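Below are the chains, spelled out letter by letter.
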Amino acid sequence: MIESPHGEQEILLNKTVTNRKKGAEKLKPEEITQIQPQRVSLTLRSGEPQSFDLKFKRAEDYPIDLYYLMDLSFSMKDDLENVKNLGTSLMLEMSKITSDFRIGFGSFVEKTVMPYISTTPAKLLNPCTGDQNCTSPFSYKNVLKLTSDGSKFNTLVGQQHISGNLDSPEGGFDAIMQVAVCGEHIGWRNVTRLLVFSTDAGFHFAGDGKLGGIVLPNDGKCHLENNIYTMSHYYDYPSIAHLVQKLSDNNIQTIFAVTEEFQPVYQELKNLIPKSAVGTLSANSSNVINLIIDAYNVSTRLKSFDFFFSWDTLDESLHPYNFLYLVSKRIACVIFLFSFQPQVMFTISVTSKGCPKQGKSETVKIKPLGFTEEVEIILNFICDCECHSEGEESSDICHFGNGTYECGACKCNEGRVGRLCECSSNDVATEDMDRTCRKDNSTDICSNNGDCVCGTCECKKRENPDERYSGQYCDCDNFNCDRSGNQLCGGHGRCDCKVCDCDPMWSGNACDCSLDNSTCMASNKQICNGRGVCECGTCSCTNPKFQGPTCETCPTCPGVCAEHKDCVQCRAFGTGEKKDTCEKDCNDFNLIKVKTRDKLPQPNDASYPVMHCKERDANDCWFYYTFAINNNTEKEVHVVDALDCPAGPDIVPIIAGVVVGIVLIGLALLLIWKLLMIIQDRREFAKFEKEKQNAKWDTVSAPTETKPQFTEHQHPCH
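Computed from a predicted structure; not experimentally measured.

About the criteria used
- Residues numbered from 1 in each chain as written.
- Predicted model: local features only at pLDDT ≥ 70, side-chain atom pairs only at ≥ 80, totals over all residues.
- Heavy atoms only, no water.
- Helix = DSSP H or I, 4+ residues; strand = E, 2+ residues; numbered from the N terminus.
- Contact = heavy atoms within 4.5 Å.
- Expected span 1.5 Å × (residues − 1).
- Buried < 20%, exposed > 50% of the residue type's maximum accessible area, 1.4 Å probe, protein only.
- Phe/Tyr/Trp six-rings, centres within 6.5 Å; stacked < 30°, edge-to-face > 60°.
- Disulfide = S-S within 2.5 Å.
- Pairing = 2+ DSSP bridges.

1. With respect to the side chain of Arg189
For step 1, the next point in the chain: Secondary-structure assignment places Arg189 in the loop between α6 (183–186) and β8 (192–199).
For step 2, the next point in the chain: Leave out the neighbours within four places in its chain, and Arg189 touches Pro63, Ile64, Asp65, Asp100 and Arg102.

Structure, rendered in structure tokens:
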């Protein structure tokens, strides 16, 4: 029989979150619910998570308490004048956020001991110089308890006077500690609590008190008498961690209103204090109202759900590290809490990694920082099977009543050992018992994996309950088998005595060899395309030309270049027929660009076939690439990243040549015309000379002939 109890959960208190608008019926703070459920009971079995949903909804018009804590050292004199009218103005602005707003006021200066202040009698009465009238120095003073009367705030703050001290850092941490822990004096309610810390200087922290001879650590308790901190000379300043703890315990959100000079310091402090904000204060605090509103919105912004865990009781075996808490946000959002009504769901998962002593229940409280509401989780533990309560004492099965028989095994009485309590721890010699616990007369008892109890090996237990030793001599285990893919027996079998017992359709030492041939089936329904054998679900190609998971790819076969031309063109150069569908159609290979053709892989250099390709695009440009399937059966393309385009004509020489040609042709035509004219003229002149000679011959041959008579208008040459 196997008994396997499981955990369970029960919602004990599940009040619905409050859903109301501003201006609706006014509710008391304790009547407002922002987190659901409020109490849950979880029954945990080790290693088995229990989860439940947690709803958070920020209530609109939620009450707010704001305490203004101001540095009243002399450098803040002009600031005090502006703060005196802060009450009514701030009440008016905050009324836009909530109808239930209260404000208080406190002030601080420094510890009242040297070297922080001057302790001469005159300086104790008036620490300021010249004609300045200042009040006596003090550490912290609660001037006004939280009130809804803004005019009272103005009146009491108007009666305050500046004081003074010697050093630049102030004792603000003492004041913050008292504001956090003195709830009754301050008047905090269980609502949103805001602390505005206003200063123009740095701060002292734990250890600085030694300068004044103060060595006792701050005790984190309230020490107000007549609203004045009386133990500043006795306790050191609190540490930052101590301050963070007290602010968180009391759900106080801090707003640091500081001058620009000290912004970096308080920004670092903000990173250490949850739910805090920093605003830049003008030189005279004139912008304090806008600063408070802006910083308030930032500090109450819901970026994530911050949790802390408080334990009512803590057993030494129930340390928080023994539990695994998973807090996951199921709805991601960034919302201003008071601008909307966000409802955010979380899944809280709790897993026990062990049992506390005696299995007693524990309580865990989860609460968002800055809020008073919390979820109480009662943890119950399943540490034993139910059959333990049905044990048979002094059972005959346990060697004549020497033990209690429960859950199928003997729980031996004191002084008895063995599986059936058959041995006495005093009767059997150690050597006799050990002899039967050694395998093959070796020196190792129970293979060093167990203890010899009454001549029988009791195997040791592992930290991981799923891992165990077994066998007569504890020589077997279920976790030392061969692994594949970082998984025991490849995830396809179980480890039995250091040998993998494989699941059906798997074989090999690590069960990593699949006997399923479906992964080797090619598109033509042949195993490995008829060009290889299927080994462990992977094709081993017998023809060296063919590659790929099913021996269907032939990188050196004709047609490979043309087949991949368009995809290479679009991926390498963003052109081609597939440029619009490139990402969809051309993602089946790895593209690697190279600078020149000599950088392309060469067939003799690679350990796998490489096909060289040369293709032309639409612009008559050539591009060069190689196609191959590497040793990892991945398609791999190397491409030259520059196109090889034919050089275009040089326009300038052409134009110059045309012009020169035209000029030369013109000159040639002129020369030809001139030459023809010269030839013509010479012919005419020769003809003229010939006729002239003929005329002379005629005159000589006929002397008696009457000489021609010319008129006054005629000439012999005509």
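There's plenty left to go through after this.
2. A look at helix α11 (residues 560–573)
For step 1, the next point in the chain: Compared with the 20 Å implied by 1.5 Å per residue over 14 residues, the 19 Å span of α11 between its first and last C-alpha is a close match.
For step 2, the next point in the chain: Residues of α11 that are buried: Val560, Cys561, His564, Cys567, Val568, Gln569, Cys570 and Ala572.
For step 3, the next point in the chain: Residues of α11 that are buried in the fold lie against α12 (582–585), β36 (590–594), β37 (610–616), β38 (622–629) and β39 (635–640).

3. Focus: the packing of aromatic side chains
For step 1, the next point in the chain: Counted according to the given criterion, the structure contains 15 aromatic pairs.
For step 2, the next point in the chain: For the ring pair Tyr67 and Trp188, a centre distance of 6.4 Å and an interplane angle of 55° mean the geometry is tilted. Taken together, the positions of Tyr67 in strand β5 (residues 64–71) and Trp188 in the loop between α6 and β8 put the pair 121 residues apart, joining distant regions of the chain.
For step 3, the next point in the chain: Ring geometry for Tyr116 and Tyr237: centres 6.0 Å apart, planes at 90°, overall edge-to-face. With Tyr116 in the loop between β6 (101–108) and α3 (121–125) and Tyr237 in the loop between β10 (228–229) and α7 (240–249), this pair connects stretches of sequence that are 121 residues apart.
For step 4, the next point in the chain: Take Tyr116: its relative accessible area is 1%, and that puts it in the buried class.
For step 5, the next point in the chain: On the basis of relative accessible area, Tyr237 is assigned to the buried category, the value being 1%.

4. With respect to the state of the cysteines
For step 1, the next point in the chain: Scanning the model with the defined rule gives 20 disulfides in all.
For step 2, the next point in the chain: In this model, Cys387 is linked to Cys407 through a disulfide, with the two sulfur atoms separated by 1.8 Å. Between Cys387 and Cys407, the S-S torsion sits near 105°, and that sign places the bridge as right-handed. Within this pair, whereas Cys387 is found in the loop between β19 (375–382) and β20 (403–406), its partner Cys407 is found in the loop between β20 and β21 (409–412), the two being separated by 20 residues in sequence.
For step 3, the next point in the chain: A relative accessible area of 18% places Cys387 in the buried class.
For step 4, the next point in the chain: At a sulfur-sulfur separation of 2.0 Å, the disulfide partner of Cys502 is Cys511. Disulfide Cys502 to Cys511: torsion about the S-S bond roughly -95°, handedness left-handed.
For step 5, the next point in the chain: The exposure class of Cys502 is partly exposed, given its relative accessible area of 22%.
For step 6, the next point in the chain: Note on Cys511: relative accessible area 0%, which makes it buried.
For step 7, the next point in the chain: For Cys385, which is in no disulfide, the shortest distance to another cysteine sulfur is to Cys387 and amounts to 4.7 Å.

5. Notes on the pairing of strand β25 (residues 456–459)
For step 1, the next point in the chain: When strand β24 (residues 450–453) meets β25, the two strands line up antiparallel, connected through four bridges. Bridging from a neighbouring strand, Gly450 pairs with Cys459 of β25.
For step 2, the next point in the chain: Remark: two residues form the turn of the hairpin made by β24 and β25, two consecutive strands paired antiparallel; Cys454 in that turn has positive phi of roughly 60°.

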